[in-house]
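Chains, contacts and geometry: an overview
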Amino acid sequence: MQIDPKKCVACGNCIPVCPMGAIYIDPAIRRATINYDECVECSTCYRGMSQEHLNPVMVRTIRGLAKMFRFRFEPEPDVCPTAAFVMEELEWPRIARRVFSDPLVEHKSTGIHGRGTEEVKTNDVAHRVGLGEAGYVIEFGRPGVGVRFRDIQKMTQGLAAIRVDFEAKNPITHLMTDRSTGELKPDLLNEKILSAIVEIKTPIARVPEVLETVTRVSKQLETVIAVGVSTRCDERGEEKVLSALLDEHGYSYYRAKTNLGLGRVTNVEKVEEAARDEHLASVR
Amino acid sequence: MTNTLHRYGNSESFRDDYILFAIPCKGKNDEGAVEKLKTFLRICARHQPANMGNSTFGSYKASPHLNPTSHWNRDYTQDCESVIDAVQKPGTVAAVFEGKQKAEAALREVIQADLGLSINMSTSVEGAQSCCESTGIKRHSVEYSLGFWDPHDHLPNSQVLELSTMCGHGMVSFNMAKKMLDMVREGRRSPEAAVLTLARFCPCGVYNPARARRLLEDARTRQR
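Residues numbered from 1 in each chain as written. Chains lettered and ligands numbered in written order. Predicted model: local features only at pLDDT ≥ 70, side-chain atom pairs only at ≥ 80, totals over all residues. Heavy atoms only, no water.

What follows is about the interface of chain B and chain A. Counting from both sides, the interface comprises 93 residues of chain B and, opposite them, 97 residues of chain A. Roughly 8,200 Å² of surface becomes buried between chain B and chain A when both sides are summed, with 56% attributable to carbon and sulfur atoms. Of the charged contacts in the structure, one is a salt bridge between B:Arg200 and A:Glu76, with a shortest N-O distance of 3.8 Å. Taken together, the connections running from chain B to chain A amount to 53 residue pairs in polar contact (both at pLDDT 80 or more). Those elements that place two or more of their residues in the side of chain B that touches chain A are β1 (18–23), α2 (70–73), α4 (100–113), β4 (118–124), α5 (125–135), β5 (141–149) and α7 (174–185) of chain B. By residue number, the principal contributor to the side of chain B that touches chain A is β5(B), which donates 9 residues. When its residues are assigned to classes, the side of chain B that touches chain A shows 39 nonpolar, 35 polar and 19 charged. (Contact = heavy atoms within 4.5 Å. Buried area = accessible area lost by both parts, 1.4 Å probe. Salt bridge = Lys/Arg side-chain N within 4 Å of Asp/Glu carboxyl O. Polar contact = N/O pair within 3.5 Å; in protein donor to acceptor, adjacent residues only side chain to side chain. Helix = DSSP H or I, 4+ residues; strand = E, 2+ residues; numbered from the N terminus. Nonpolar A, V, L, I, M, F, W, Y, C, P; charged D, E, K, R; others polar.)

In structure tokens form, the structure reads like this:
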């Protein structure tokens, strides 16, 4: 992301908007400037602010006059008066910043917006996490801190060491050079992103071991993490195994995402495939 | 939609935060899903959602061509129709409700519509359980949020966190949430205007303006 210095009027509206705090007014040029190393290319400034397209010379003149008389105008706080932000073309490895930080950019590996996969959201159809299994989403950098890939690698290496299954379709898994060690592509390690999610799956009995590993490694990271753990409910819709384990090991959980089980396979080819399998099974 | 899972607060603070979302599964039920997603959103729109979104924008969004007179008469109306019309391909759509009753009523209609898509509810563990019991649903799977782990104290105070984490993609910055808290406390902005400023930054439309308004009202008199 860049700010066009010919358009910027240094109103400062964009400074609090940046989730990474990467925008500041440079006193030498009296324009808003982006700390390029801290910017994660999330496009919040470009897309989240409304734009007025006013004439920059006119705005600077009015602001200068108002400042002389100590007048204070209370503008809408989410407006760029001159549409000064410019989205630039990015190349590898910097483009990874946009792919992981801008929620409107689709990951090629998953085909969906966002940083992870469909996880348990479609579990009623995809059966990704079964009875007796636990799925984990370990999210880095959110809220408001950001993360460099080298910190994510510390976690993937820690998890690989205890031999967990990384979700194959997850974007971070795609960036691994070796899933058995959890190593990521070396040219990415210094890139900073807003957030990323590592997804793994284990038998449910391993939940304490995995969470202990995540806790231990998180202390070595210069960021914040958020952890979600999922499982399948029983035939009565109850879930007492995972929650009991979490209680026993002192983890708090107030909020949850609940798959209500209303989904089913409806794609014609898949339905026919299922019927064919059923028929073959009955013939045998 | 892990972006709706991790919101800062305890069970009680989610009493006005119920999110329903529909998602097709790639290769399993994504054929013809666009019309079903629109039906889901139309059902939700009938039950006065606090916000709704289609993964690209929500019912409150920034304007790429704002009229300068907006500084005096900004349009604060909710635009659910454009969210529904803009669903062009299979993806996640969501609606946010400020109470259990509205969420339950919408869910009952969604069950009747029998869309075949995966439907999820994101709220407190107890809130979701209670909704399932009263609508006769047996939960299929559950994902618990274990919250934010911050061993090196990067995070700001709880008021800022409650406001900013309602955009799970992190588009509502700590500084913007803090600015709105300050503006409301200083009487420079109404809570209604402040929450919509924050909601416009959330491109998925899952930011909850109703909960944010309550949090801002609370914060006005209770500095932390």
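If you walk across this open sheet you meet the 10 strands as β9(A)-β13(A)-β7(A)-β14(A)-β5(B)-β15(A)-β4(B)-β1(B)-β3(B)-β2(B), and the pairing is antiparallel. The two strands at the open ends of the sheet, each matched to only one other strand, are β9 (165–166) of chain A together with β2 (51–53) of chain B. Both strand β15 (residues 255–259) of chain A and β4(B) contribute to a ladder of 5 bridges, which runs antiparallel. Across the sheet, residue A:Arg255 finds its bridge partner in β4(B), namely B:Ser124. Of the strands in this sheet, β7 (133–140), β13 (196–203) and β14 (225–232) of chain A together with β5 of chain B touch helix α7 (residues 207–218) of chain A, which is tilted by about 170 degrees from β14(A). (Pairing = 2+ DSSP bridges. Axes fitted to C-alpha atoms, helices over the stretch in contact; angles between N-to-C directions.)

Turning next to the pattern of salt bridges. All chains considered together, the criterion is met by 38 salt bridges over all chains. Across the pair A:Arg128 and A:Glu167 runs a salt bridge whose closest N-O atoms are separated by 3.3 Å. Placement of the pair is A:Arg128 in the loop between α4 (123–126) and β7 and A:Glu167 in the loop between β9 and α6 (171–174), with a sequence separation of 39 residues. The same class applies to A:Arg128 as to A:Glu167, namely buried. A salt bridge links B:Arg214 to B:Asp218; the shortest N-O distance between them is 4.0 Å. One end of the pair is B:Arg214 and the other is B:Asp218, both in helix α9 (residues 209–221) and 4 residues apart, which spans about a single turn. Counted as one network, the salt bridges with shared partners bring together A:Asp37, A:Glu38, A:Arg97, A:Arg148, A:Glu191 and A:Lys192. (Buried < 20%, exposed > 50% of the residue type's maximum accessible area, 1.4 Å probe, protein only.)

Once that is clear, we can look at the packing of helix α5 (residues 149–161) of chain A against α7(A). Residue and element names in this part refer to chain A. Interaxial distance between α5 and α7 falls to 10 Å at its minimum, and their mutual angle equals 145 degrees. Note on packing geometry: the crossing formed by α5 with α7 is right-handed. Contact residues: Lys 154, Met 155, Gly 158 and Leu 159 in α5; Val 210, Thr 213, Val 214, Val 217 and Ser 218 in α7. Across the contact of α5 with α7, the residue classes break down as 5 nonpolar, 3 polar and 1 charged. (Left-handed = near helix turned anticlockwise from the far one by under 90°.)

Right, let's get into the packing of aromatic side chains. The tally for this structure, following the rule as stated, stands at 4 aromatic pairs over all chains. Taking the centre distance of 4.7 Å and the plane angle of 55 degrees together, the rings of A:Tyr253 and B:Tyr144 count as tilted. Of the two residues, A:Tyr253 is situated in the loop between α8 (241–248) and β15 and B:Tyr144 in strand β5; the pairing between them involves two chains. There is no split in this pair, since A:Tyr253 and B:Tyr144 are both buried. Cation over ring: A:Arg94 sits above A:Tyr36, and NZ or CZ is 3.6 Å from the ring centre. (Phe/Tyr/Trp six-rings, centres within 6.5 Å; stacked < 30°, edge-to-face > 60°. Lys NZ or Arg CZ within 6 Å of the ring centre and 35° of its normal.)

Quick look at helix α8 (residues 191–199) of chain B now. Residue and element names in this part refer to chain B. Of all the 9 residues making up α8, 8 are buried; the element is thus mostly covered by neighbouring parts of the structure. Every buried residue belonging to α8 is among Pro 191, Ala 193, Ala 194, Val 195, Leu 196, Thr 197, Leu 198 and Ala 199, and all of these are buried. Looking at the buried residues of α8, the elements they touch are α6 (158–164), α7 and α9.

Low pLDDT marks stretches whose predicted atomic positions should not be read closely. Overall, the prediction assigns chain B a mean pLDDT of 94, with 98% of residues at 70 or greater. With pTM at 0.93, the complex prediction returns an ipTM value of 0.95. (pLDDT = per-residue confidence, 0-100.)

Here the focus is the side chain of B:Ser118. Within the fold, B:Ser118 resides in strand β4. Overall, the relative accessible area of 0% leaves B:Ser118 in the buried class. Only 2.6 Å separates the side chain of B:Ser118 from the side chain of A:Asp124, close enough to count as a polar contact.

A general tendency of soluble globular proteins is for nonpolar side chains to be buried together. Membership of the largest hydrophobic core comes to 58 residues, with the highest contact counts inside it found for A:Ile3, A:Ile23, A:Phe85, B:Leu163 and B:Tyr207. Mapped onto this core, the elements with two or more residues apiece are β3 (31–34) of chain A together with β1, β3 (93–97), α6, α7, α8 and α9 of chain B. Per element, the largest residue contribution to this core is 7 residues, and it comes from α7(B). Listed in part, the 47 residues of the second largest apolar core include A:Ala134, A:Tyr136, A:Phe140 and A:Ile162. (Core = buried A, V, L, I, M, F, W, Y, C linked by side-chain atoms within 4.5 Å.)

The next subject is the pairing of β3(A). Taken residue by residue, a regular strand's side chains alternate between the two faces of the sheet. All names here are of chain A. Residue alternation in β3 divides its side chains into two sets, Arg 31 and Thr 33 and Ala 32 and Ile 34, and both sets are buried. Pairing between strand β2 (residues 23–26) and β3: 4 bridges, direction antiparallel. When the bridges of β3 are listed, Ile 25 appears paired with Ala 32. Joining the antiparallel neighbours β2 and β3 is a turn of 4 residues, in which Arg 30 adopts a positive phi near 55 degrees.

Residue and element names in this part refer to chain B. Here α4 is 14 residues long and its end C-alpha atoms lie 20 Å apart, about the 20 Å a rise of 1.5 Å per residue gives. Considered for burial, the residues of α4 that qualify are Ala 103, Glu 104, Ala 106, Leu 107 and Val 110. An end-on view of α4 places all buried positions within 165 degrees of arc, on one side of the element. In α4, the exposed residues that point more than 90 degrees away from the buried face are Gln 101 and Gln 112. In this fold, the buried residues of α4 make contact with β1, α1 (33–45), β3, β4 and α5. (Expected span 1.5 Å × (residues − 1). Arc of directions from axis to C-beta.)

Further remarks concern a negative patch on the surface. Taken together, the side chains of A:Glu269, A:Glu272, A:Glu273, A:Asp277 and B:Glu31 make up a negatively charged region of the molecular surface. By the secondary structure assignment, A:Asp277 is in helix α9 (residues 268–283). Classification of A:Asp277 as partly exposed rests on a relative accessible area of 47%. (Patch = residues over 30% accessible without salt bridge, like charges linked within 9 Å, V, L, I, M, F, W, Y side chains within 5 Å. Areas by Shrake-Rupley, 256 points an atom, 1.4 Å probe, with all protein chains shown as cover. Lys, Arg positive; Asp, Glu negative; His and termini not counted. Charge placed at Lys NZ, Arg CZ, Asp CG, Glu CD.)

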